[in-house]
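Examination of the molecular architecture
Residue-level listing of the chains:
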Amino acid sequence: MISPRRPRRSKTSGPLWRDPLIMRSFQAILAIILIAEAIVIIRHFIANKPVREGIRTAAQAERALGAGPLNPRRYRVNYGWVDERVRGIVDRKDMAGLAIAVIEDGQLSFIKAYGVVDADTGEKATPQTVWRWASVSKGVAATLEALLARQGKLSLDDPISKWSSTLKLPKDNQNVATLADALSHRLGIVKNAYDDRLEDNEDPAAIRGMYGPLFPMCPPGTCWAYQNVAFDVAHEAVEKATGLTYDQAAHRYVFAPLGMSSASTTKEGLIGSPSWARPHNGRHPIPVQDAYYRIPAAGGVNSSIVDLGIWMRAQMGGASGVLPPDLLWKLHVPRVFTPHRGLAPYDLALKNSAYGLAFRASDYQGHHLVWHRGAVRGSRSEIIFDPSERFGVAMLWNSTSVKPTGLPLEIFDQYYRLPFHDWVQVGKP
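Structure report, in brief. (Residues numbered from 1 in each chain as written. Predicted model: local features only at pLDDT ≥ 70, side-chain atom pairs only at ≥ 80, totals over all residues. Heavy atoms only, no water.)

**Here's the deal with the side chain of N302**
Relative to the helices and strands, N302 is located in strand β7 (residues 302-304). Of the residues examined, N302 reaches a relative accessible area of 0% and is grouped as buried. Here T266 takes part through its backbone oxygen, which lies 2.8 Å from a polar atom of the side chain of N302. Looking at N302, its side chain comes within polar contact range of the side chain of Y293, at 2.6 Å. (Helix = DSSP H or I, 4+ residues; strand = E, 2+ residues; numbered from the N terminus. Buried < 20%, exposed > 50% of the residue type's maximum accessible area, 1.4 Å probe, protein only. Polar contact = N/O pair within 3.5 Å; in protein donor to acceptor, adjacent residues only side chain to side chain.)

**Observations concerning the pattern of salt bridges**
Scanning the model with the defined rule gives 17 salt bridges in all. Here R87 ties to D83 by a salt bridge, and the two come within 2.9 Å at their closest N and O atoms. Taken together, the residues span about one helical turn, with R87 and D83 both in helix α2 (residues 79-90) at a distance of 4 residues. Here R87 falls in the partly exposed class, since its relative accessible area comes to 36%. Among the residues examined, D83 registers a relative accessible area of 6% and is labelled buried. Across the pair R92 and D94 runs a salt bridge, and its minimum N-O distance is 2.9 Å. (Salt bridge = Lys/Arg side-chain N within 4 Å of Asp/Glu carboxyl O.)

**Observations regarding the environment of D363**
Looking at the element boundaries, D363 is found in strand β10 (residues 360-364). Taking the relative accessible area as the measure of exposure, D363 reaches 28% and is therefore partly exposed. In this structure, the C-alpha to C-alpha distance between D363 and K351, residues 12 residues apart in sequence, is 4.9 Å. Beyond its immediate chain neighbours, meaning those up to four positions away, D363 contacts A349, L350, K351, N352 and H368. For D363, the side chain forms a polar contact with the side chain of N352, separated by 2.9 Å. (Contact = heavy atoms within 4.5 Å.)

**Considering unusual backbone geometry**
At A134, a residue that is not glycine, the phi angle is positive and equals roughly 55°. Among the secondary structure elements, A134 is positioned in the loop between β4 (130-132) and α3 (138-150). Positive phi, normally seen in glycine, also occurs at N201, with a value near 70°. Position of N201 among the secondary structure elements: in the loop between α5 (195-199) and α6 (204-208). What makes N201 exposed here is its relative accessible area of 54%.

Here it is in structure tokens:
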């Protein structure tokens, strides 16, 4: 029997994958895959643009300080999460703008501004926007006096009466209380003595002369009560010891040596800046309250978030040529224990709270933190750092809202590898 012949394959036919139809199909599928990948990459690029901007701004600031920026691979904080969290805060109806700086391993790692400087015009906040420090300014006064003490121009143990002719304390205790007592709020008078008169535009020097008849709460140096007008004897001492205005002294001894080019201690320094944060009540701009510029040691400093980050970096030991370790120790060492400042969960989480020379100190989850907050009408501020870990968070915002106050602890929890805790509660009033 003759077997049927198998069809002979054409000599011109090749492998199946070279078939034109199959090749076109393969190319179409490949093109679809590549387009899909490109869309994912572009979306990722767009989504991470704010994070890269924050990292780039921090790196530029580090280079300007003569230091190499920290390698992002060493970051312990997820700045994509931080960016999303801040956006959620700023989107609230009681917020206008906010700027944040984070330091890891002693170096600026993330700096970013969000929201607006003026809700009426819609002008965007930038890293160069100038904001008010409010009571975070007190740390500059203490640092100034400590620097002058190192130069022998004054002593922190000098009686206040040697440097201020305006302060009168009960029982003439201005002759007993020291400059260090004033910087640590241990003057023995009721807290925030006559701040209301300052806000009614009375002369702060005259107000300081009104304390004599007050009831003495305790001998100087033995109990704590927060002050503003009385604290400002620091500005008198600095001017008398240097022969300069307080603003001039701050620039000569602190701002210029640290590279804080936007910093000032006057209202003119704020509103004369190319971009400055108007104070807001909710999203309604309100007039600048100038009362606390008349006590510049207590509440007069302004700067960009970059310069506040530089300031915090220096307080963490990052500028030892200007602020040596022994000086920082004198500023930060606890001198008097302080009661809880409020019932907010993030305040109750800070244990063993105390006050040094214009810096607070607390324990949190087994870590020692140094910090301070500030508030004047329509503007708020906060710095908080771990000197041992050289990690810290600084914030400035232009509204009366206290909502951002808990954010640093959320960032610290992330850095310490602790479980997430909703300290901010963005969705609640």
